[in-house]
Amino acid sequence: MARVVVDVMPKAEILDPQGQAIVGALSRLGHPGVSEVRQGKRFELEVDDTVSDDELATIAESLLANTVIEDWKVTRVQ
């Protein structure tokens, strides 16, 4: 078994209203030094050794990310 992490983030050109709201809240809470936040999603999968990198890419593209507006990255962790 292996642990796989799939990080999904809005593409750079896509407006991130949740991230903007967080920046505003941080400023109001006394943390004015933060100028940008991008909020994304993290998925952790437990997979067996037969699941290939190509299959993980298919899973990320077809189910976990909306590839029109989001980028994704798969990382196998030890």
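Since the model is a prediction, treat every value here as computed from it, not as a measurement. (Residues numbered from 1 in each chain as written. Predicted model: local features only at pLDDT ≥ 70, side-chain atom pairs only at ≥ 80, totals over all residues. Heavy atoms only, no water.)

**So, helix α2 (residues 53-64)**
Logical step 1: Turning to α2, its buried residues number three or more, namely Leu56, Ala57, Ala60 and Leu64. Looking straight down α2, one finds its buried side chains confined to an arc of 105°; they lie on one side. Facing away from the buried side of α2 by over 90 degrees, the exposed positions are Asp54, Ser62 and Leu63.
Logical step 2: On its buried side, α2 packs onto β1 (2-10), β2 (41-47) and β3 (70-77). (Buried < 20%, exposed > 50% of the residue type's maximum accessible area, 1.4 Å probe, protein only. Helix = DSSP H or I, 4+ residues; strand = E, 2+ residues; numbered from the N terminus. Arc of directions from axis to C-beta. Contact = heavy atoms within 4.5 Å.)

**What about the side chain of Glu70?**
Logical step 1: Tracing the sequence through the fold places Glu70 in strand β3.
Logical step 2: A distance of 3.3 Å separates the side chain of Glu70 from the side chain of Lys41, its partner in a polar contact.
Logical step 3: Within the structure, Glu70 has its side chain in polar contact with the backbone nitrogen of Asn66 (distance 2.7 Å).
Logical step 4: Apart from residues lying up to four places away in sequence, Glu70 is in contact with Val8, Met9, Pro10, Lys11, Lys41, Leu64 and Ala65. (Polar contact = N/O pair within 3.5 Å; in protein donor to acceptor, adjacent residues only side chain to side chain.)

**Looking at helix α1 (residues 17-28)**
Logical step 1: Compared with an ideal rise of 1.5 Å per residue, which puts twelve residues at 16 Å, α1 spans 17 Å between its outermost C-alpha atoms and is within 8% of the ideal.
Logical step 2: Backbone geometry just downstream of α1 places Gly30 in the positive-phi region, at approximately 95°. (Expected span 1.5 Å × (residues − 1).)

**Some points on the nonpolar core**
Logical step 1: Counting residues in hydrophobic clusters, the biggest one holds eleven residues: Ala2, Val4, Val6, Val8, Leu45, Val47, Val51, Leu56, Ala60, Leu64 and Ala65.
Logical step 2: Those elements giving two or more residues to this core turn out to be β1, β2 and α2.
Logical step 3: With sequence-adjacent residues up to four places away left out, Val6 is seen in contact with Lys41, Arg42, Phe43, Leu45, Ala60, Leu64, Lys73 and Val74. (Core = buried A, V, L, I, M, F, W, Y, C linked by side-chain atoms within 4.5 Å.)

**Topic: the pattern of salt bridges**
For side chains of opposite charge, pairing can occur when their charged atoms come near one another.
Logical step 1: For the structure on display, the rule yields five salt bridges.
Logical step 2: Its salt-bridge partner being Arg3, residue Glu46 comes within 2.8 Å of it at the nearest N-O pair. One end of the pair, Glu46, is in strand β2; the other, Arg3, is in strand β1, and 43 residues separate them in sequence.
Logical step 3: A residue is classified by how much of its surface remains accessible, and Glu46, at 46% relative accessible area, is partly exposed.
Logical step 4: With its nearest N and O atoms 3.3 Å apart, the salt bridge here joins Glu70 to Lys41. Of this pair, Glu70 sits in strand β3 while Lys41 sits in strand β2; the two residues are 29 residues apart in sequence, bridging distant segments of the chain.
Logical step 5: Lys41 sits in the partly exposed class, given a relative accessible area of 35%. (Salt bridge = Lys/Arg side-chain N within 4 Å of Asp/Glu carboxyl O.)

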